[in-house]
Amino acid sequence: MSFILKMAWRDTRASRRRLLLFSLAIVLGVAALVAVGSLRDNLTLAIEEQTKTLLGADLTVTSRAKLDGDAEKFIRELGGEQAREISFNSMLVVPQTGYTRLVQVRALAGEFPFYGEFATTPADARGQLRQGLNIILEQSLLVQFALKPGDKVKLGNAEFTVAGGLTAVPGESAAVATLAPRAFIPLAAVSDTGLLQAGSLARHRVYFKFAPNFDVEALVRDLRARFRELRLGFDTVEERKRELGQSIRNVNAFLSLVGFASLFLGAIGVASAIHAHIRQKLPTVALLRCLGASSRTAFSIYLLQGLGLGVLGASLGAIVGIGVQLVLPSLLKDFLPFAFEFHVAWGALARGLGAGLVVSVLFALLPLLEVRRVSPLLALRSAYADAGKGRDWWQLALLGVIVLMVFAFAIWQTERWQWGVGFGVAMLVGFAVLAGLAKIISWLAKKFTPRALPFAWRQGVANLHRPNNRTLLLLVSLGMGTFLMMTLFLSRSTLLGQLKVVAGGDRPNLMLFDIQDDQVAPIEKLLADNGAPVRQHAAIITMRVSSIKGRAVADILKEKDSRVPAWTLRREYRSTYRGALSDTEKVTAGAFVGRVDASVEFAPISLEENLARDLQVTVGDEIIFDVQGVPVKTKVGSLRAVDWQRMQPNFFVVFPEGVLDGAPKFHVMALRVSGPEQSATIQQAVVRGHPNVSAIDLAVIMQTIDSVYSKASFVVEFLALFTVVTGGIVLAGAVLIGRSQRVRESVLLRTLGATKAQVNRIMFAEYLALGTLGAAVGAVLAVGANWALAYFVFKVVWVAPSGLVLLGGWAVVSAMTVTTGLLSNRGICDHPPLAVLRQET
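Residues numbered from 1 in each chain as written. Predicted model: local features only at pLDDT ≥ 70, side-chain atom pairs only at ≥ 80, totals over all residues. Heavy atoms only, no water.

**What about the overall build of the chain?**
Now for step 1: The helix and strand inventory of the chain stands at 25 helices and 21 strands.
Now for step 2: Counting all 841 residues of the chain, 52% fall into the buried class.
Now for step 3: Long-range pairs, those at least 24 residues apart, make up 82% of the contacts in the chain with a sequence separation of at least 6.
Now for step 4: When the accessible area of the chain is evaluated, it comes to approximately 37500 Å², of which 60% is carbon and sulfur surface. (Helix = DSSP H or I, 4+ residues; strand = E, 2+ residues; numbered from the N terminus. Buried < 20%, exposed > 50% of the residue type's maximum accessible area, 1.4 Å probe, protein only. Contact = heavy atoms within 4.5 Å. Areas by Shrake-Rupley, 256 points an atom, 1.4 Å probe, with all protein chains shown as cover.)

Okay, here's the thing in structure tokens:
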């Protein structure tokens, strides 16, 4: 053993730098794994530690209608300490400047939050909500309008005094508040504003605090039917934990892909490094065999080197992963509704170290097994003899173990066997396609090399099939690297694309909503007088689904094996009626009906196609809606595809004209203004004459969404950087491993009269062929993987990637391959021929 240890160390002297370079691949793979695992453990710990502050109460009951009658009696009977809230959107006016801004008004009464901190500046501002017309505004609003405590602002007909700025409130993230800044006022002041009228869109909440040992889950479970009967929604701490857990699992789906791809690429890098190292050490092994060393001793020497490479890479990766984890809380704080602090997740650290070490050793063993078959004869005939002939059953068995390990690791990482099996199958398919392509290319290069090509290009193509070629290894490494990197890039684009919103052009950029029936004509005239006539007008009626295909919603919800998502049955739909489709819609099934007689038994409605799929209905199926207490029978007349990324009124359900014209409703109008000045003028005029009407300046909203998008994009790109850098190292390593073979070939060519320029052109042709083919196949595989991830994992609509993106990825990988190949082989023509030629004699 002493000899093995000494020999393993001494034998690395000439290749330590190269081995350390390749160890970076496993370093980054383990770092990503540790960072992702640690993030997951820290988020789970934070949720468990702050369960009460996730909601700010033990139970929250919500209603779209005013709480009175049976609903009010039911809520009082629930007992506990209660706090009330009414929330709605309205326009905030700064009298000194005339500036306006859409805000989310939250009128409070009681001691909410019961848990967590209602943080303000100054700290005593919360107490002032209990007295007089005081208001607490989002801190960003104070900065935007240069407001300070004591200044005056208006909401509707009431003037409020600014008590302070809000910095944090339980259960909400900063990113959510950027879309509609919050404004807290006393509940008693709502009537003074005059903003809530019949049909106004508002949400009523009651917060409950019970005794410490009270079983809230049992309470809501026993009263679930009564909640549905009174059209009350509810939320508990456990429910909020489940929702957050589901959201975090969705995030972990992407992060698991990062860790999986990074470690898998690292494993490919280690295998490539050991393969190249062993190829160069075969003469040394043969010499040791001539001196009496057994095959087991020689194998142990290089196994120890591979093990050392894995231990070093995994250890450094764990350290880097902990360092990355220190940065993540600051990157994610705006997107989480709870405080998130760093703790060393020892479990994640141990898992990362263990996985990195196991993966390194298994992938290193594959090329190491060649050492067992090295014959002493190789020391005498190194130019011709190979490490061994025939099938190695140990290598086949090891390949089987690696395949099982890939599946097991994928399932372990994703925590869902379906996803894990999918990732594993994708890897195997990628390997099989790339290996098959390498065999086909070698055969084609041997049979059909065009004679009309110049000598250098013929020689470069011929290198793809000659003995000791690296076509299989290079194509698999380059293709898998491209496949994993582009899959990650396309998945990132798919996820972030859900945040993008389309605006601009000649489309409406200002929206007015909560308009009452008697305000429609005056507002239309006001807008026309100000040079911005209404572009789009929609009436909105609130309703719920009562039954589907003759089955009551309550019965469907009771079914344990029902595949209809509960949210589609419980939600309150805001629907409209109109005579024609908008420019964001197109019919995908059936026929759109724009008008019917009011006496029709079943109104032909148009459903958004994804909602129809969730409800498991199609054209011709019957649905009964509860329109504010009145049952309305409908039949699905058509299905529509809706472009939700266009910022204009879009709807799940569209009725024909003639059915809901007399139902209680409010209106939305969309118009186009020339710029900020006209937008401000119109908003001020509308608010002065109609204080209950709110306006959304889409330019401001777009800026806000762009800000959120930029933050989210940065977080995703930061995490994906591990895979990109690892992939770059693997691509470079795959090219570097053939340098020793290139030295021999270049010397022989120079001896036969080839110029240095010809040798460089030969290498250029070979690397160009390998790089372009590997990158092209990897890109095609990535498109398929991206579709599968979007459909099965992320549950979002897949959009085919741009041809320019795919072409750009292909060009980058191809250029990287050629550039790295030429740079890594600089100086090979300067080697003296004698040393190489002696090996040929």
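**Quick notes on the pattern of salt bridges**
Now for step 1: Per the counting criterion, the structure on display carries 16 salt bridges.
Now for step 2: Of the charged contacts, one joins Glu111 and Arg130 as a salt bridge, the two residues approaching to 2.8 Å between their closest N and O atoms. Residue Glu111 is located in the loop between β3 (99–109) and β4 (119–121), and its partner Arg130 is located in the loop between β4 and β5 (134–138); the two are separated by 19 residues in the primary sequence.
Now for step 3: Across the pair Glu559 and Arg551 runs a salt bridge whose closest N-O atoms are separated by 2.3 Å.
Now for step 4: For Arg551, a relative accessible area of 38% puts it in the partly exposed group. (Salt bridge = Lys/Arg side-chain N within 4 Å of Asp/Glu carboxyl O.)

**With respect to the nonpolar core**
Now for step 1: Core analysis: the largest hydrophobic core is formed by 75 residues, its most contacted members being Leu263, Phe264, Phe363, Met405, Met427, Met480 and Phe483.
Now for step 2: Take this core: its biggest share by element is 15 residues, from helix α9 (residues 237–290).
Now for step 3: Every residue in contact with Phe264, bar those within four places of it in the chain, is listed here: Phe363, Val406, Met427, Phe431, Met480 and Leu484.
Now for step 4: With 31 residues, the next largest nonpolar core counts Ala670, Val673, Val687 and Ile696 among its residues. (Core = buried A, V, L, I, M, F, W, Y, C linked by side-chain atoms within 4.5 Å.)

**Some details on the packing of aromatic side chains**
Now for step 1: Evaluation of the coordinates by the stated rule reveals 11 aromatic pairs.
Now for step 2: Note on Trp567 and Phe652: the rings are 6.4 Å apart at their centroids and 50 degrees apart in plane angle, and the pair reads as tilted. Linking Trp567 in helix α18 (residues 566–570) with Phe652 in the loop between β18 (630–642) and β19 (653–655), this pair joins segments that are 85 residues apart in sequence.
Now for step 3: The class of Phe652 is partly exposed, set by a relative accessible area of 21%.
Now for step 4: Clustering of aromatic rings is evident, with ring pairs tying together Phe74, Phe227 and Phe234.
Now for step 5: Of note, Arg126 hangs over the ring of Phe118, and the distance from its end group to the ring centre comes to 5.2 Å.
Now for step 6: The residue whose ring lies beneath Arg571 is Tyr573, and the NZ or CZ to ring-centre distance is 5.0 Å. (Phe/Tyr/Trp six-rings, centres within 6.5 Å; stacked < 30°, edge-to-face > 60°. Lys NZ or Arg CZ within 6 Å of the ring centre and 35° of its normal.)

**A few points about the packing of helix α14 (residues 455–462) against helix α23 (residues 756–793)**
Now for step 1: As a packed pair, α14 and α23 sit with axes 7 Å apart at the nearest point and diverge in direction by 45 degrees. Between α14 and α23, the angle is such that the two are oblique. The hand of the α14/α23 crossing is right-handed. Only Gln758, Arg761, Ile762, Phe764, Ala765, Glu766 and Leu768 of α23 make contact with α14, whose side of the interface consists of Phe455, Ala456, Trp457, Gln459 and Gly460.
Now for step 2: A breakdown of the residues in the contact of α14 with α23 according to their chemical character gives seven nonpolar, three polar and two charged. (Axes fitted to C-alpha atoms, helices over the stretch in contact; angles between N-to-C directions. Parallel < 35°, antiparallel > 145°, perpendicular 65-115°, else oblique. Left-handed = near helix turned anticlockwise from the far one by under 90°. Nonpolar A, V, L, I, M, F, W, Y, C, P; charged D, E, K, R; others polar.)

**Considerations on the confidence of the model for the chain**
Now for step 1: The predicted model of the chain averages 80 in pLDDT, with 81% of residues at 70 or higher.
Now for step 2: Per-element confidence in the chain is highest for β19, whose mean pLDDT is 95, and lowest for helix α5 (residues 174–177), whose mean pLDDT is 54.
Now for step 3: Scored below 50 in pLDDT, residues 383–388 makes 11 contacts in the model with residues more than four places away or belonging to other chains. (pLDDT = per-residue confidence, 0-100.)

**Details of the packing of helix α13 (residues 417–447) against α23**
Now for step 1: Where α13 meets α23, the axes come as close as 11 Å, and the angle between the chain directions of the two elements is 160 degrees. By the criterion of interaxial angle, the relationship of α13 to α23 is roughly antiparallel. As for the relative orientation of α13 and α23, their crossing is right-handed in sense. Across the interface between the two elements, Trp419, Phe423, Gly430, Val433, Leu434, Leu437 and Ile441 of α13 pack against Leu773, Val777, Leu781, Leu789, Phe792 and Val793 of α23.

**Notes on a nonpolar patch on the surface**
Now for step 1: Together, Leu20, Leu312, Leu316 and Ile319 give the surface a local cluster of nonpolar side chains, amounting to about 350 Å² of exposed area.
Now for step 2: Of the residues forming the nonpolar patch, the biggest block, three residues, is contributed by helix α10 (residues 295–332).
Now for step 3: Along the chain, the position of Leu316 falls in helix α10.
Now for step 4: Exposure remark for Leu316: the relative accessible area of 39% places this residue in the partly exposed category. (Patch = residues over 30% accessible without salt bridge, like charges linked within 9 Å, V, L, I, M, F, W, Y side chains within 5 Å.)

**Section: the environment of Phe513**
Now for step 1: Along the chain, Phe513 falls in strand β11 (residues 510–515).
Now for step 2: Of the residues examined, Phe513 reaches a relative accessible area of 13% and is grouped as buried.
Now for step 3: Separated by 25 residues in sequence, Phe513 and Ala538 place their C-alpha atoms 9.5 Å apart.
Now for step 4: Beyond its immediate stretch of four places on either side in the chain, Phe513 contacts Asn89, Leu102, His667, Val668, Val693, Ser694, Ala695 and Ile696.

**Things to note about the side chain of Asp58**
Now for step 1: Here Asp58 lies in the loop between α2 (16–49) and β1 (59–63).
Now for step 2: Of note is the side chain of Asp58, whose polar atom sits 2.8 Å from the backbone nitrogen of Phe210. (Polar contact = N/O pair within 3.5 Å; in protein donor to acceptor, adjacent residues only side chain to side chain.)

**As for the side chain of Glu138**
Now for step 1: Note on placement: Glu138 falls in strand β5.
Now for step 2: Judged by its relative accessible area of 8%, Glu138 is buried.
Now for step 3: Within polar-contact distance, the side chain of Glu138 engages the side chain of Arg182 at 2.9 Å.

**Observations concerning the environment of Leu67**
Now for step 1: Looking at the element boundaries, Leu67 is found in the loop between β1 and α3 (69–78).
Now for step 2: The buried category is assigned to Leu67, whose relative accessible area is 13%.
Now for step 3: A C-alpha to C-alpha distance of 7.3 Å links Leu67 and His204, two positions 137 residues apart in sequence.
Now for step 4: The residues touching Leu67, leaving out its near neighbours within four places in the chain, are Glu72, Ile75, Arg84, His204, Val206 and Leu232.

**Quick notes on helix α16 (residues 520–529)**
Now for step 1: Along α16, the positions that sit buried rather than exposed are Val520, Ile523, Leu526 and Leu527. Projected onto a plane normal to the axis of α16, the buried residues spread over an arc of 130 degrees and lie on a single side. Set apart from the buried face of α16 by more than 90 degrees, the exposed residues are Ala521, Lys525 and Asp529.
Now for step 2: For α16, the secondary structure elements touched by its buried residues are β11, β12 (534–548), β20 (666–671) and α20 (676–689).
Now for step 3: A positive phi of about 75 degrees marks Gly531, the residue just after α16. (Arc of directions from axis to C-beta.)

**Thoughts on the environment of Glu524**
Now for step 1: Tracing the backbone shows Glu524 in helix α16.
Now for step 2: Residues Glu524 and His537 lie 13 residues apart in sequence; the distance between their C-alpha atoms is 9.9 Å.

**Examining the pairing of β1**
Now for step 1: Extensive coverage of β1 is indicated by the burial of five of its five residues.
Now for step 2: Covered by surrounding structure in β1 are Leu59, Val61 and Ser63 together with Thr60 and Thr62, the residues of both alternating faces.
Now for step 3: Inspection of the sheet shows β1 paired to strand β10 (residues 233–236) by four bridges, in the antiparallel sense. Across the sheet, the residue bridging to Leu59 is Thr236, located in β10. (Pairing = 2+ DSSP bridges.)

**Looking at unusual backbone geometry**
Now for step 1: Of the consecutive residues Phe112 and Pro113, the connecting peptide bond is found in the cis state with omega at 0 degrees.
Now for step 2: Of note, the amide linkage connecting Thr121 to Pro122 takes the cis form, showing an omega dihedral of 0 degrees.
Now for step 3: Of note in this structure, Asp514 is not a glycine but carries a positive phi near 65 degrees.
Now for step 4: Among the secondary structure elements, Asp514 is positioned in strand β11.
Now for step 5: Using a relative accessible area of 5% as the deciding quantity, one classes Asp514 as buried.

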